[in-house]
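# What the coordinates show
Take a look at the letters that make up each chain.
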There are 2 protein chains.
Amino acid sequence: MAYTLHDIAALSGVSIATVSRVINGKPGVNTETREKIIRKIKELDYQVNFNAKSMKTRRTNTIGLITADITNPFYSEAAKTIEFQARKQNYTLIVGNTGNSMSEEQTIIRAFQQRQVDGFIFASSALRDSAVENLVNSPVPVLLYHRHLGGQCRHHFVGSDERKGIALALEHLSSLGHRRVAFISGSRKFSTGAERLRFFLELRRTYGIDETPHLIQEGGYEIAKTSRAVEQLMRLQHTPTAIFAANDFMALQVLHQVLELGYRVPEDISVMGYDDIPLASHNSIQLSTIDVQITHGAHLAVMNLINLIDGIASDTQPVRMLLEPKLVIRSSTAPPT
Amino acid sequence: MAYTLHDIAALSGVSIATVSRVINGKPGVNTETREKIIRKIKELDYQVNFNAKSMKTRRTNTIGLITADITNPFYSEAAKTIEFQARKQNYTLIVGNTGNSMSEEQTIIRAFQQRQVDGFIFASSALRDSAVENLVNSPVPVLLYHRHLGGQCRHHFVGSDERKGIALALEHLSSLGHRRVAFISGSRKFSTGAERLRFFLELRRTYGIDETPHLIQEGGYEIAKTSRAVEQLMRLQHTPTAIFAANDFMALQVLHQVLELGYRVPEDISVMGYDDIPLASHNSIQLSTIDVQITHGAHLAVMNLINLIDGIASDTQPVRMLLEPKLVIRSSTAPPT
DNA sequence: CTGTTAGCGCTTTCAT
DNA sequence: ATGAAAGCGCTAACAG
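A few points on the structure.

About the thresholds
Residues numbered from 1 in each chain as written. Chains lettered and ligands numbered in written order. Predicted model: local features only at pLDDT ≥ 70, side-chain atom pairs only at ≥ 80, totals over all residues. Heavy atoms only, no water. Axes fitted to C-alpha atoms, helices over the stretch in contact; angles between N-to-C directions. Helix = DSSP H or I, 4+ residues; strand = E, 2+ residues; numbered from the N terminus. Parallel < 35°, antiparallel > 145°, perpendicular 65-115°, else oblique. Contact = heavy atoms within 4.5 Å. Nonpolar A, V, L, I, M, F, W, Y, C, P; charged D, E, K, R; others polar. Core = buried A, V, L, I, M, F, W, Y, C linked by side-chain atoms within 4.5 Å. Buried < 20%, exposed > 50% of the residue type's maximum accessible area, 1.4 Å probe, protein only. Pairing = 2+ DSSP bridges. Near = heavy atom within 4 Å. Polar contact = N/O pair within 3.5 Å; in protein donor to acceptor, adjacent residues only side chain to side chain. Least-squares fit on C-alpha atoms with pLDDT ≥ 70 in both. Right-handed = clockwise from strand over helix to strand, strands pointing away. 1 Å grid on protein atoms, 1.4 Å probe; cavity = no way out; pocket = protein on both sides within 12 Å on 5 of 7 lines; lining within 4 Å. Points joined across faces, edges and corners; volume = space filled by probe spheres on them.

A word on the packing of helix α1 (residues 5–12) of chain A against helix α2 (residues 16–23) of chain A. A pair of packed helices is characterised by two quantities: the angle between their axes and the separation of those axes. Residue and element names in this part refer to chain A. Between α1 and α2, whose axes approach to 8 Å, the crossing angle comes to 110°. With respect to α2, the axis of α1 lies roughly perpendicular. Seen from α1, the contacting residues are L5, H6, I8 and A9; seen from α2, they are I16, V19, S20 and I23. Here the residues of the contact of α1 with α2 are counted per class, giving six nonpolar, two polar and no charged.

Glancing now at the nonpolar core. Most often, soluble globular proteins keep nonpolar side chains buried together rather than apart. Of all hydrophobic cores here, the largest spans 144 residues; its most connected members are F244 of chain A together with F244 of chain B. Every residue in contact with F244 of chain B, bar those within four places of it in the chain, is listed here: I166, A169, L170, L173, V181, A182, F183, I184, F200, M272, G273 and Y274 of chain B. Formed by 37 residues, the second largest nonpolar core is a distinct cluster that contains I108 and V117 of chain A together with L149 and F157 of chain B.

Turning to the sheet that holds strand β1 (residues 62–67) of chain A, a few remarks are in order. One open sheet accounts for 12 strands, arranged β11(A)-β5(A)-β4(A)-β3(A)-β1(A)-β2(A)-β2(B)-β1(B)-β3(B)-β4(B)-β5(B)-β11(B); its pairing is mixed. On the outer flanks of this sheet lie β11 (320–323) of chain A together with β11 (320–323) of chain B, each paired with one strand and no other. Between one strand axis and the next, the sheet turns through 20° on average, direction left out of account. One ladder, built from five bridges, connects β1 of chain A with strand β3 (residues 119–123) of chain A; its direction is parallel. Note that in β3 of chain A the partner of I63 of chain A across the bridge is G119 of chain A. In the packing of helix α5 (residues 73–88) of chain A onto the sheet, the strands contacted are β1, β2 (92–97), β3 and β4 (142–145) of chain A together with β2 (92–97) of chain B, and the crossing angle to β2 of chain B comes to about 80°. Contacts from helix α12 (residues 294–309) of chain A reach β1, β3, β4, β5 (156–160) and β11 of chain A, with the element oriented near 170° to β4 of chain A.

Another point: the protein's contact with DNA strand C. Around DNA strand C sit 29 residues in total, of which L5 and Y46 of chain A together with R21, K56 and R58 of chain B are the nearest. If you look at DNA strand C and keep only atoms within 4 Å of the protein, 62% of those are sugar or phosphate atoms. N49 of chain A places a main-chain nitrogen or oxygen 3.2 Å from a phosphate oxygen of DNA strand C. The side chain of T33 of chain B places a nitrogen or oxygen atom 2.7 Å from a phosphate oxygen of DNA strand C.

This part takes up unusual backbone geometry. Going from V265 of chain A to P266 of chain A, the amide bond is cis rather than trans, its omega being 5°. Note on placement: P266 of chain A falls in the loop between α11 (248–260) and β9 (270–272). A positive phi angle, near 125°, is found at D275 of chain A, a position not held by glycine. Mapped onto the fold, D275 of chain A is located in the loop between β9 and β10 (289–291). Positive phi, normally seen in glycine, also occurs at N61 of chain B, with a value near 50°. Note that N61 of chain B resides in the loop between α4 (50–57) and β1 (62–67). Judged by relative accessible area, N61 of chain B falls into the buried class, the value being 12%.

Its rotation angle being 180°, the transformation that places chain A on chain B also includes 0.1 Å of axial translation and leaves an RMSD of 0.1 Å. Such a combination of turn and shift is consistent with a two-fold rotation axis. Closest approach to the rotation axis within chain A is made by the C-alpha atom of I94 of chain A, at a distance of 2.1 Å. The overlap is high: 100% of the interface residues of chain A also sit at the interface in chain B, so the same surface is used on both sides.

Attention shifts here to the pairing of β2 of chain A. On a regular strand, one side chain projects to one face of the sheet and the next to the other, so that they alternate. Here β2 of chain A lies mainly inside the structure; six of its six residues are buried. In β2 of chain A, alternate side chains face the same way, and those of T92, I94 and G96 of chain A on one face and L93, V95 and N97 of chain A on the other are all buried. The pairing of β1 of chain A with β2 of chain A spans six bridges and is parallel. From the neighbouring strand, I66 of chain A faces β2 of chain A, where its bridge partner is G96 of chain A. Each parallel crossover has a hand, and for β1 of chain A linked through α5 of chain A to β2 of chain A it is right-handed. Bridging between β2 of chain A and β2 of chain B involves three bridges; their strand directions are antiparallel. Across the sheet, the residue bridging to L93 of chain A is V95 of chain B, located in β2 of chain B.

This next bit is on the protein's contact with DNA strand D. By nearness alone, 28 residues border DNA strand D, and R21, K56 and R58 of chain A together with L5 and Y46 of chain B come closest of all. Taken together, the sugar and phosphate atoms account for 64% of what DNA strand D places within 4 Å of the protein. For DNA strand D, a phosphate oxygen lies 2.7 Å from a polar atom in the backbone of N30 of chain A. In the environment of DNA strand D, a sugar or linking oxygen lies 2.4 Å from a nitrogen or oxygen atom belonging to the side chain of R58 of chain A. Within the residue set of the surface near DNA strand D, elements represented by two or more residues are α2 and α4 (50–57) of chain A together with α2 (16–23) and α4 of chain B. By residue number, the principal contributor to the surface near DNA strand D is α4 of chain B, which donates five residues. Tallied by class, residues from the surface near DNA strand D come to 11 nonpolar, 10 polar and seven charged.

Another aspect to go through is empty space enclosed by the protein. The final tally for this structure, using the stated rule, is five cavities of 30 Å³ or more. Volume-wise, the largest cavity comes out at about 180 Å³. Looking at the lining of the largest cavity, the elements that each hand over two or more residues are α4 and β2 of chain A together with α4 and β2 of chain B. Tallied by class, residues from the lining of the largest cavity come to four nonpolar, 10 polar and two charged. Empty space within the second largest cavity amounts to approximately 100 Å³. Looking at the lining of the second largest cavity, the elements that each hand over two or more residues are α5 and β2 of chain A together with α5 (73–88) and β2 of chain B. Grouping the constituent residues of the lining of the second largest cavity by class yields seven nonpolar, three polar and three charged.

Here is the structure:
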């Protein structure tokens with residue numbers, strides 16, 4: 001059994017109130033008494049019971065992170081930063097993986113509520129996710145990271161400026177001289193997937209990209225879908241000179257498949273990704289992509305959530321931070337020949 | 001403010017004790033009363049305050065996972081399974097990343113203790129880690145996963161049979177006809193690194209592997225170290241016909257570097273890894289390796305820890321489970337030419 | 001079958 | 001400067 005305030009108080013010959021005061025650095029304690037108590041605390045290696053404390057303070061100093069899949073390098077990178085920043089501010093992180101299942105998500109939300117988390121970070125929500133929408137309308141602060149809920153629901157969000165990112169990619173490909181640029185979209189159930197497609201369609205004309213419908217394909221999480229998309233594309237009369245995948249995960253698959261088909265990258269065809277997951281920079285891959293500033297965003301997510309918890313940030317004016325994406329040119333893109 | 005037992009009790013016209021009984025499925029409540037209460041709970045969407053409950057029950061139903069780096073695919077894979085299995089048993093997971101820093105580790109341990117976690121899983125400990133050793137001797141159950149603390153300290157452990165794994169790899173290379181097999185060891189600060197090297201040295205004779213000292217090189221987490229090792233190896237008069245790296249992370253680097261130097265894999269040189277991280281099976285990599293059963297081990301880790309928490313497993317007889325590793329033959333190994 | 005009550009370990013008024 | 005006491009939301013005797 002661990003020591004309690006009572007133990008420290010009894011052994012120091014004072015009341016628990018006084019011990020509580022010194023633990024919390026409150027004023028109004030005689031210096032000698034304070035030192036005596038501190039000595040005792042050190043001696044016994046006393047540790048506060050945060051749960052008991054929470055009962056009075058209504059603060060658990062824990063934040064709940066809900067992610068679709070921690071195995072996804074994008075999220076594990078974010079989780080690492082979130083955990084670190086949270087800990088620096090004396091918060092601990094509890095995590096849940098939804099595996100993109102709504103029912104799991106709901107279960108996790110409830111479990112976290114029961115644990116009285118001070119705030120939630122979602123790094124996984126789909127567009128129109130009613131569980132999250134309900135939560136957003138509850139009194140506990142919720143911040144969406146990377147993917148948002150769409151227009152209908154007011155919520156706090158830290159993410160990347162997708163329009164800017166698509167523009168950056170198109171500008172790069174266009175300036176290399178590409179006109180027949182294929183696009184493989186991600187799942188449109190997520191804001192990122194939907195927006196990247198939308199902005200591609202919206203911006204391609206500006207950059208002089210060919211508007212042939214066949215150049216747009218739908219990908220997604222299942223490799224098979226991306227695979228089929230690539231097949232379709234490479235079977236076209238006029239094959240694209242560049243393939244732009246809406247995320248690195250798909251881009252990697254594209255890269256592999258195109259190589260398998262005997263094309264050289266980037267000599268015969270350029271491949272462009274999006275996100276800049278760690279693997280993209282791996283020396284045997286070297287994928288050109290858009291860096292969405294994962295860790296920077298994760299850092300801001302924690303900061304903003306804690307401000308919300310502390311009531312520093314106003315809750316009426318939703319947080320909405322869009323980070324500047326950066327173009328990362330590696331060796332999967334080059335001028336068409 | 002969320003509802004409490006009092007609210008439900010008042011609104012149902014019963015006492016809090018009765019409500020508590022129905023919530024915990026305790027017998028001795030009139031069916032009608034029970035149903036009335038259940039209705040009220042549903043209607044208000046009442047959720048128990050786990051913290052308050054913990055004060056009485058001395059159980060928080062949370063387990064602390066401490067990992068070196070959640071970004072490492074090995075650990076994120078494990079974390080995913082651990083979170084899932086824990087949740088299935090009504091536990092939540094709180095996580096901490098040490099980044100291999102002892103002081104961070106100590107900080108995390110204390111934070112978790114203050115949160116009254118019911119048990120710890122370490123997936124990151126070094127040999128002779130005094131913080132963990134102390135913790136192991138405290139009353140709260142601690143289970144080491146993947147890496148253990150070495151012989152001096154009795155503790156619960158779930159890992160892989162490293163001797164068997166090395167034997168499997170050597171048998172594979174040997175049966176392909178390799179004799180000049182180089183070995184790049186991992187950091188010996190960890191049980192895995194130390195043991196794999198030890199078993200390689202111990203077993204190579206059995207498999208007819210050349211015992212030239214130059215074939216043993218030291219690698220580690222810094223890419224530069226592995227890089228230098230490969231350079232040394234390929235500068236030898238008799239270059240090895242196969243390079244066996246003590247983990248996939250290094251093997252990937254070896255693969256890249258050897259390819260860069262103009263060798264073909266596996267025609268000119270075979271490369272073998274260890275661990276079978278997800279990336280090893282990536283279609284553009286196809287690394288032959290040893291599968292250490294990450295998820296199976298993670299699953300067992302949770303089960304065993306919970307048994308320990310529940311006092312089902314005896315605490316005097318330490319858990320020590322060594323899973324059977326499996327040989328995974330992909331396309332980075334072939335007979336020497 | 002149901003209610004009363006005493007804490008779990010802590011913070012925080014309010015007295016002294 | 002210090003202590004007594006109430007109470008956070010819950011469980012678990014104990015009484016009735």
